[in-house]
Amino acid sequence: DRIYLRKSPRLRSFGYAGQHIYNLGIVTRKRLPLLSDSDAAEYCSYALSAACKKYGFNCLAYCFMPDHVHLLAASEEGDSVESFMRHFKQLSGHAYKKATGEYLWQTSYYDHVLRREEAIRPIADYIWENPVRKGLVASRFDWAYSGPREYMLGLSGWKGRLAGLKTLQIRL
């Protein structure tokens, strides 16, 4: 029998720290619809807020789907996305395991660092429209587990939220 070691999906030549905007994806254990439970989604919401606060990230868009999570997050302080994601998954996973006795997440996560020429809004729209594309709701506003609502509704723009990211020249 052979033992296969999982290859890291992270780029070796990139430090994953500094002022960047990340499009992130996380999958539940065995892709089970574990986030269909409102308590599980609440654990994730709390963990996301805590991880953002602890590591200086701004959450620009999120959507907790039944079997995966989409995040669009900007690092303000230059902290590592790896630390941010580890904290998010650890907090939410611990709360879930305490409540159910089961693991919540698969190992690792998907990441894409936005390039300077990439626009934020189309990526956020993609994230928010996910429940509509999957046939779960008729409108993105009907899905309880996505936000931030002030961005979805256009009540608050990203320009003010991203003002501290001096090194970024991302189109909104």
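Preceding this paragraph is the structure being described.
The present account deals with the structure reproduced in this document. Here the structure is a predicted model, which is why all the values come from computation and not from measurement. Within any chain, residue numbers begin from 1 and follow the written order of that chain's sequence. Two thresholds apply to this predicted model, a pLDDT of at least 70 for residue-level local features and 80 or more for giving and counting side-chain atom pairs, whereas whole-chain, interface and lining totals are computed over all residues. Excluding hydrogens and water, the side-chain values take into account all heavy atoms of the structure.

### Focus on the sheet that holds strand E1 (residues 21–27)
Taken together, the 5 strands give an open sheet; going across it, the order is E4-E1-E3-E2-E5, and neighbouring strands pair in antiparallel fashion. One side of each edge strand has no neighbouring strand; the edge strands of this open sheet are strand E4 (110–113) and strand E5 (146–147). Paired strands, as defined in this entry, are two strands with at least two bridges between them according to DSSP. Only DSSP runs of H or I reaching four residues or more are called helices, and only runs of E reaching two or more are called strands; each is numbered from the N terminus. Pairing of strand E2 (residues 57–64) with strand E3 (residues 68–75) involves 7 bridges; the strand directions are antiparallel. Residue pairing for E3: Cys-59 is matched across the bridge by Ala-73. Here helix H1 (residues 38–55) sits on the sheet and contacts E2 and E3; the angle it forms with E2, its principal contact strand, is near 165°. Here, two residues are considered to be in contact whenever any of their heavy atoms come within 4.5 Å of each other. Every axis in this analysis is a line fitted to C-alpha atoms, fitted for helices over the stretch in contact. Angles between the N-to-C directions lie between 0 and 180 degrees. The strands touched by helix H3 (residues 120–133) within the sheet are E1, E2, E3 and E5, with E2 carrying the most contacts at an inclination of about 30°.

### Here's the deal with the packing of aromatic side chains
Centres within 6.5 Å are what make two rings of Phe, Tyr or Trp a pair, Trp counting through its six-membered ring; a difference in plane orientation under 30 degrees is then read as stacked, over 60 as edge-to-face, and the rest as tilted. A full pass over the atoms with the stated rule returns 5 aromatic pairs. Here Phe-57 and Phe-84 contribute two aromatic rings whose centre-to-centre distance is 4.2 Å and whose plane-to-plane angle is 10°, an arrangement assigned as stacked. Separated by 27 residues along the polypeptide, Phe-57 in strand E2 and Phe-84 in helix H2 (residues 81–100) bring together distant segments of the chain. In terms of burial, Phe-57 and Phe-84 fall into one category: buried. Relative accessibility decides the category of a residue: with a 1.4 Å probe and only protein chains considered, values under 20% of the type maximum give buried, values over 50% give exposed, and everything between is partly exposed.

### Observations regarding the side chain of Arg-29
On the secondary structure map, Arg-29 appears in the loop between E1 and H1. With near-sequence residues (within four places) excluded, Arg-29 lies in contact with Leu-34, Glu-102, Tyr-103, Leu-104, Trp-105 and Gln-106.

### Some details on H3
Side chains three or four residues apart in an α-helix point the same way, a direct result of the helix having 3.6 residues per turn. Here the expected length of a helix is defined as 1.5 Å per residue gap, with one fewer gap than residues. Between the first and last C-alpha of H3 there are 19 Å, a value that for 14 residues agrees with the 20 Å anticipated at 1.5 Å per step. Its axis deflected by about 30° at Ile-127, H3 carries its strongest bend there, up to four residues before the proline Pro-131. Buried within H3 are the following residues: Ile-120, Ile-123, Ala-124, Ile-127, Trp-128, Asn-130 and Pro-131. With its phi angle positive at about 75°, Gly-135 sits one or two positions after the end of H3. The angle separating two fitted axes, one through the seven residues that finish at a residue and one through the seven that start at it, defines the bend at that residue.

### Some points on the pattern of salt bridges
Take a side-chain nitrogen of Lys or Arg and a carboxyl oxygen of Asp or Glu: if they are within 4 Å of each other, that pair is a salt bridge. Here the structure, examined in full by the defined rule, presents 5 salt bridges. Where Asp-67 meets Arg-31, a salt bridge forms, and the shortest distance between an N and an O atom there is 3.0 Å. Here Asp-67, found in the loop between E2 and E3, pairs with Arg-31, found in the loop between E1 and H1; they are 36 residues apart in sequence, far enough to count as distant. The class for Asp-67 is buried, based on a relative accessible area of 18%. Overall, the relative accessible area of 43% leaves Arg-31 in the partly exposed class. With a closest N to O distance of 3.2 Å, Arg-121 and Asp-125 form a salt bridge. In this pair, Arg-121 and Asp-125 are both assigned in helix H3, 4 residues apart and thus about one turn of the helix distant. Relative accessible area serves as the criterion here: at 28%, Arg-121 is assigned to the partly exposed category. Look at the salt bridges and you will find they share partners, linking Arg-121, Asp-125, Glu-129 and Arg-140 into a network.

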